[in-house]
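Survey of secondary and tertiary structure
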Amino acid sequence: MQRLAEIKAALASHGIRPHKRMGQNFLVDTNMLRAIVRDAEVDLGDCVLEVGPGSAGLTQALADEAGLVVALELDRGMFDVAREFLALRENVVLLQGDALTAEGRLHQALEGLLHAYLSHGLFHVEESDFERSVVPAARPPRLGRLKCVSNLPYNAAGPIIMALLESALPFERLVVMVQYEVGEKLCARPGNAAYGILSLLRAQFADARIIRKVPASVFWPRPTVASALVELRPACRPDSAAYARLRQLVHVFFTHRRKRAANALGNALGVNAKQAEAWIVAAGGNPGLRPDELDYAVLQKLADMGEVARRAHDIVHEADLRARLKAERAARRAGWRKPRSDEEE
C-alpha cells in the first residue's frame, strides 16, 4: 500500500498538485482502502471498473483481490503517476480518457470494451479510442462479474453514477465514494428533503444504501465535507424509450422544484399554468404540490403525453447541443495551450 509521503513525492516529481476543480482528494488511509474492497466483496471472479484512480491507492487494493481491474483516468499527469505505481501489476488495465461524453453518457469505447470482454471474452483496446492506455501483455482471463468500485471525483459523481446505471453494462453492484450530501441524494426516497432528480432516476435502476460515513481525515488533501461510501445494486431496467422521456421531463421540470407543480411545469415547458395544470390532472396528479412531491407514476404519465414529451425533448436537445459546442470550444482552447504543471490547489 502507498504511504502519503510516496504519493506526495510522485506528484512532485511530475510537477503536479491536486486539482480542486476536478474534485481530486486521494484516499490515503490503508485501513479504509481495505475496508472498501471488503465492502464490495471483491474476489478473483470479478472484473472491476474504477473511474478516477488518481494516485492508484484504491487500484492497488482492488488488484490484490480482483481478477482484473480496468481503471479510467481523465487527468494526464495523474495517469503518469498511476502508471508508475501500477508498473508491476499484471491484472490492471489503465486507460486515459473522460468517463462522460458531452451529453453525459458513458464513454462509448469503454462501454464497448467491457461489453465485448464480458460477452465474448475479447479484450482489445484500440489506440484511437483512448488518449493513452497501458494493457498487460498477457490476455486477461474471462471473468463473469462486473463491479464498479471507485473514489469518484466530487465534482462529477452524480453524472458518472447515472451514466454507469444507464449504460448497457451488467453491473452486479457499484460501490462508490461520494460527498455525503450526494450520498444522501442518491439514497433519498420521496418525501425526504434530499429527494430530487438523482434520487428519482437512480430508483429506476438500482437500490441504494449508505454503507458508511467517511471522515475527511482519510483523504489528502482533506475535503471540507464528510464523504459516504454508497452501494448501488441494479434491481431493474426500465423501458428505454419511457425512461428517456421521464429523464428529459424531470431535468426541465425539477429546475423549478420549489414552485407549485402547475407553475413549474408551465415555466419549464413554455406554456401557461392553466394548460400545465390540465396536464397534471390528466396524469392523476395534484397541481398544487411541488414537482418532487408528485408520484413517480404521475411523472411517467406526464412524460408520456405527446405534447409534453415533444417540448421537453426540444429543450433538452437544445441544452445538449450547447453543451457539445462548449466542450468542443474548450477542447480547441486546450489544444492551443501548453500543458501546465503547477495547477492551483
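Just above, that's the structure.
Read on for a plain summary of the structure. Worth saying up front: this structure is predicted, and the values here are computed from it rather than measured.

1. Overview of unusual backbone geometry
The general pattern is negative phi for most residues beyond glycine and trans for most peptide bonds. With an omega of -15°, the peptide bond running from Trp220 to Pro221 counts as cis. For Pro221, the location among the structural elements is in the loop between strand E9 (219-220) and strand E10 (227-234). Of note, the phi angle at Glu41 is positive, near 50°, even though the residue is not glycine. Looking at where Glu41 falls in the secondary structure, it is placed in the loop between helix H2 (30-39) and strand E2 (46-51). For Ala56, which is not glycine, the phi torsion reads 75° and is therefore positive. Along the chain, Ala56 turns up in the loop between E2 and helix H3 (57-63).

2. A look at the sheet that holds E2
Within the open sheet, the eight strands sit side by side as E5-E4-E3-E2-E6-E7-E10-E8. Their pairing is mixed. The open sheet has two edge strands with one neighbour each: strand E5 (132-134) and strand E8 (206-214). Strand-to-strand, the axes of this sheet are offset by a mean angle of 15°, without reference to chain direction. Pairing geometry for strand E7 (residues 171-179) and E10, over six bridges, is antiparallel. Looking at E10, one finds that Val176 is bridged to Val230.

3. Brief notes about the nonpolar core
Judged by nonpolar contacts, the single largest core of 78 residues is most densely connected at Val70, Leu95, Leu110, Leu232, Phe253, Leu265 and Leu302. Broken down by element, the residue count for this core peaks at seven residues, all from helix H6 (residues 157-166). Contacts of Phe253, omitting those with residues within four sequence positions, involve Ala261, Ala264, Leu265, Ala268, Pro291, Leu294, Leu299 and Leu302.

4. Considering the packing of helix H9 (residues 240-253) against helix H10 (residues 261-269)
Helix-helix packing is described using two parameters, namely the angle between the two axes and the distance between the axes. The contact between H9 and H10 brings their axes to 9 Å, and the two run at 105°. For the element pair H9 / H10, the angle class is roughly perpendicular. Here Leu249, Val252 and Phe253 of H9 lie close against H10, whose contacting residues are Ala261, Ala264, Leu265, Ala268 and Leu269. Class assignment of the residues belonging to the contact of H9 with H10 gives a composition of eight nonpolar, no polar and no charged.

5. A word on the packing of aromatic side chains
Under the counting rule described, the total for this entry stands at five aromatic pairs. An angle of 65° between the planes, with centres 6.5 Å apart, marks the rings of Tyr154 and Phe219 as edge-to-face. With a gap of 65 residues between them, Tyr154 in the loop between strand E6 (145-151) and H6 and Phe219 in strand E9 connect regions that are remote in the sequence. Judged by its relative accessible area of 12%, Tyr154 is buried. Their ring planes at 70° and their centres at 6.2 Å tell us that Phe253 and Phe254 sit as a pair that is edge-to-face. Phe254 shares its class with Phe253; the two are buried.

6. Some points on a positive patch on the surface
A cluster of basic residues, Lys326, Arg329, Arg332 and Arg333, forms a positive patch on the protein surface. Of note, Arg332 is situated in helix H13 (residues 306-336). On the basis of relative accessibility, which here comes to 45%, the residue Arg332 falls in the partly exposed class.

7. Looking at the environment of Thr101
Along the chain, the position of Thr101 falls in the loop between strand E4 (92-96) and helix H5 (108-120). What makes Thr101 partly exposed here is its relative accessible area of 26%. In this structure the C-alpha to C-alpha distance between Thr101 and Ala323, which are 222 residues apart in sequence, comes to 10.0 Å.

8. Digging into helix H11 (residues 273-282)
Each α-helix turn comprises 3.6 residues. Residues three or four places apart therefore point the same way. All buried positions along H11 are accounted for by Ala276, Trp279 and Ile280. The buried side chains of H11 occupy one side of the element, clustering within an arc of 95° when seen end-on. Turned more than 90 degrees from where H11 packs its buried face, Lys274 and Ala282 sit exposed. N-capping of H11 is provided by Asn272, with a side-chain oxygen placed 3.2 Å from the backbone N of Lys274. Backbone geometry just downstream of H11 places Gly284 in the positive-phi region, at approximately 90°.

9. Considerations on the pattern of salt bridges
Here the structure, examined in full by the defined rule, presents 26 salt bridges. Asp46 is the partner of Arg145 in a salt bridge, and the nearest nitrogen-oxygen pair spans 2.6 Å. Here Asp46 lies in strand E2 and Arg145 lies in strand E6, a separation of 99 residues in the sequence. Accessibility expressed as a relative area gives 32% for Arg145, which makes it partly exposed. Bridged by salt links that share partners, the residues Glu41, Glu172, Arg173, Arg209, Glu231 and Arg233 form one connected network.

What counts as what
Residues numbered from 1 in each chain as written. Predicted model: local features only at pLDDT ≥ 70, side-chain atom pairs only at ≥ 80, totals over all residues. Heavy atoms only, no water. Helix = DSSP H or I, 4+ residues; strand = E, 2+ residues; numbered from the N terminus. Pairing = 2+ DSSP bridges. Axes fitted to C-alpha atoms, helices over the stretch in contact; angles between N-to-C directions. Core = buried A, V, L, I, M, F, W, Y, C linked by side-chain atoms within 4.5 Å. Buried < 20%, exposed > 50% of the residue type's maximum accessible area, 1.4 Å probe, protein only. Contact = heavy atoms within 4.5 Å. Parallel < 35°, antiparallel > 145°, perpendicular 65-115°, else oblique. Nonpolar A, V, L, I, M, F, W, Y, C, P; charged D, E, K, R; others polar. Phe/Tyr/Trp six-rings, centres within 6.5 Å; stacked < 30°, edge-to-face > 60°. Patch = residues over 30% accessible without salt bridge, like charges linked within 9 Å, V, L, I, M, F, W, Y side chains within 5 Å. Areas by Shrake-Rupley, 256 points an atom, 1.4 Å probe, with all protein chains shown as cover. Salt bridge = Lys/Arg side-chain N within 4 Å of Asp/Glu carboxyl O. Lys, Arg positive; Asp, Glu negative; His and termini not counted. Charge placed at Lys NZ, Arg CZ, Asp CG, Glu CD. Arc of directions from axis to C-beta. Polar contact = N/O pair within 3.5 Å; in protein donor to acceptor, adjacent residues only side chain to side chain.

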